[in-house]
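Structural overview
The chain contents come next:
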Amino acid sequence: MNESPYALSHLDALESEAVHIFREVAGEFERPVILFSGGKDSIVMLHLAMKAFAPAPVPFGLLHVDTGHNFPEVLDHRDRVVATHGLTLHVASVQDYIDRGVLRERPDGTRNPLQTVPLTQAIQDQRFDAVFGGGRRDEEKARAKERVFSLRDEFSQWDPRRQRPELWQLYNGRHAPGEHVRVFPLSNWTELDVWQYIARERIELPSIYFAHRREVFSRNGMWLTAGEWGGPKDGEIPEKRQVRYRTVGDMSCTGAVDSDAQTLEQVIAEIAASRLTERGATRADDKLSEAAMEDRKREGYF
């Protein structure tokens, strides 16, 4: 039986669902905000938000939790996107909290686990009641548990037992004063879907996502970029390699992968052949324990 000429492609269906979610939030909440790091998922999320409300401007601001150890290429891209589209960017700085003595540097130098306090404080201070995140269910098993609308209590904590059913794409945004809802428009997307959509929509990304020569060193089976965060240590010898990044975060825990993929088509082919998720392959903070991500989410993390 021939497919209907009116049937949506899988990318059209994913796009339609995400646009619907953005519009639902705009109708239900008073002060939404989009988490925006300049990474590929947040870039796609912003692109979808702009589609959802075009030709009007996006009715939400952006929020970035800056660890102080971000890749310069990504921060440059973030600032360029904000300036191009005239968006409002709120930055919650981990370094500010360290300078004030609220947070302490970790012995391993990674600041990813330190993002929770600045994030939750920014949400409380700005009274955001809906926070869009770029998390996808294919990334990690704790994220696979989460609904599109994920209720957080007055301390921004997540309780999987309070997850609400979402039958027929009906989303329940009810929350008590002080609570808020994390919203994940890309929940049902895969890494491959994201890249295929980027190619279709011709979305610009930071150069770090494509193969380039870079000085890296090996730690715990990952290629890390040297920086002020504490690498390399004695015995860790930097070397030039052809690499790219599948995901971007704190430099201290985000690894590069050996790659020759310099175009979108080559990246898509590489991902299609991979049997490791992007976080499983390149994020050291998710390898601290079997429940590392779920523990952080319970505390208020993305």
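Note that the structure is predicted; figures quoted are calculated from it, not measured.

Each value, and the rule that gives it
- Residues numbered from 1 in each chain as written.
- Predicted model: local features only at pLDDT ≥ 70, side-chain atom pairs only at ≥ 80, totals over all residues.
- Heavy atoms only, no water.
- Helix = DSSP H or I, 4+ residues; strand = E, 2+ residues; numbered from the N terminus.
- Contact = heavy atoms within 4.5 Å.
- Areas by Shrake-Rupley, 256 points an atom, 1.4 Å probe, with all protein chains shown as cover.
- pLDDT = per-residue confidence, 0-100.
- Pairing = 2+ DSSP bridges.
- Right-handed = clockwise from strand over helix to strand, strands pointing away.
- Axes fitted to C-alpha atoms, helices over the stretch in contact; angles between N-to-C directions.
- Parallel < 35°, antiparallel > 145°, perpendicular 65-115°, else oblique.
- Left-handed = near helix turned anticlockwise from the far one by under 90°.
- Nonpolar A, V, L, I, M, F, W, Y, C, P; charged D, E, K, R; others polar.
- Core = buried A, V, L, I, M, F, W, Y, C linked by side-chain atoms within 4.5 Å.
- Buried < 20%, exposed > 50% of the residue type's maximum accessible area, 1.4 Å probe, protein only.
- Domains from an automatic or database assignment.
- Arc of directions from axis to C-beta.

**Topic: the overall build of the protein**
- For the protein, the count of helices and strands is 10 helices and 10 strands.
- Taking as baseline every contact in the protein between residues at least 6 positions apart, the subset at least 24 positions apart corresponds to 72%.
- When the accessible area of the protein is evaluated, it comes to approximately 14,500 Å², of which 50% is carbon and sulfur surface.

**Points about the confidence of the model for the protein**
- This prediction gives the protein a mean pLDDT of 88; 88% of its residues lie at or above 70.
- Across residues 285-290 the pLDDT falls below 50, and counting only partners more than four positions away or on other chains, this stretch makes 17 contacts in the model.

**Focus: the pairing of strand E3 (residues 89-93)**
- Taken together, the 5 bridges between strand E2 (residues 61-66) and E3 define a ladder with parallel strand orientation. Within E3, the residue paired with valine 65 across the bridge is alanine 92.
- Crossover connection from E2 via helix H3 (residues 72-85) to parallel E3: handedness right-handed.

**Remarks on the sheet that holds strand E4 (residues 130-132)**
- As summarised here, the arrangement of the 6 strands in space is E3-E2-E1-E4-E6-E5, forming an open sheet in which the pairing is mixed. Edge positions in the open sheet fall to E3 and strand E5 (149-152), since each of these has one partner strand only. On average, each strand axis in the sheet is tilted by 30° relative to the strand beside it, whichever way the strands run.
- Sheet topology note: the E5/strand E6 (residues 180-183) ladder contains 4 bridges and is antiparallel. Bridge pairing links phenylalanine 149 to valine 183 in E6.

**Notes on the packing of helix H7 (residues 191-201) against helix H8 (residues 264-273)**
- Packing of H7 against H8 leaves a shortest axis separation of 10 Å and a crossing angle of 165°. By the angle between their axes, H7 is roughly antiparallel relative to H8. Considering only the axes of H7 and H8, their crossing is left-handed. Listed contacts from H8 to Glu191, Leu192, Trp195, Gln196, Ile198 and Ala199 of H7 are Leu264, Val267, Ile268, Ile271 and Ala272.
- Partitioning the contact of H7 with H8 into residue classes produces 9 nonpolar, 1 polar and 1 charged.

**Section: the sheet that holds strand E10 (residues 257-258)**
- Strand order in this open sheet of 4 strands is E8-E7-E9-E10, and the pairing throughout is antiparallel. The sheet terminates laterally at strand E8 (222-225) and E10, the two strands that pair on one side only.
- Of the strand pairs in this sheet, strand E7 (residues 212-219) and strand E9 (residues 239-244) are connected by 5 bridges, and their pairing is antiparallel. For arginine 213, the partnering residue across the bridge sits in E9 and is glutamine 242.

**Examining the nonpolar core**
- Among the nonpolar cores identified, the biggest contains 60 residues, and Phe22, Ile34, Val44, Phe149 and Trp195 are the most heavily contacted of them.
- Considering each element in turn, this core owes the most residues, 8 residues, to helix H2 (residues 40-53).
- A domain split of this core shows at least three residues from each of domain 1 (10-192 + 291-298) and domain 2 (206-287).
- With residues up to four places along the chain from it excluded, the contact list for tryptophan 195 reads Lys40, Leu205, Tyr209, Phe210, Arg244, Leu264, Val267, Ile268 and Ile271.
- Counting 15 residues, the second-largest nonpolar core is a separate cluster that includes Val33, Val65, Leu119 and Ala122.

**Considering the packing of helix H1 (residues 10-28) against H2**
- Viewed as axis vectors pointing N to C, H1 and H2 meet at an angle of 70°, and their least axial separation amounts to 9 Å. The pairing of H1 with H2 is recorded here as roughly perpendicular in orientation. Of the residues in H2, those in contact with Glu15, Ala18, Val19, Phe22, Arg23 and Ala26 of H1 are Met45, Leu48, Ala49, Lys51, Ala52 and Phe53.
- A class-by-class count of the residues in the contact of H1 with H2 yields 9 nonpolar, no polar and 3 charged.

**With respect to unusual backbone geometry**
- In this structure, the amide linkage connecting alanine 54 to the following residue, proline 55, adopts the cis form with an omega of 5°.
- Its place among the elements puts proline 55 in the loop between H2 and E2.
- In this model, arginine 127 sits at a positive phi of 55°, which is unusual for a non-glycine residue.
- Checked against the element boundaries, arginine 127 lands in the loop between helix H5 (116-126) and E4.

**Considerations on H8**
- Buried within H8 are the following residues: Val267, Ile268 and Ile271. All buried residues of H8 lie within an arc of 100° about the axis, which places them on one face of the element. Set apart from the buried face of H8 by more than 90 degrees, the exposed residues are Glu265, Ala272 and Ala273.
- Elements in contact with the buried residues of H8: H7 and E9.

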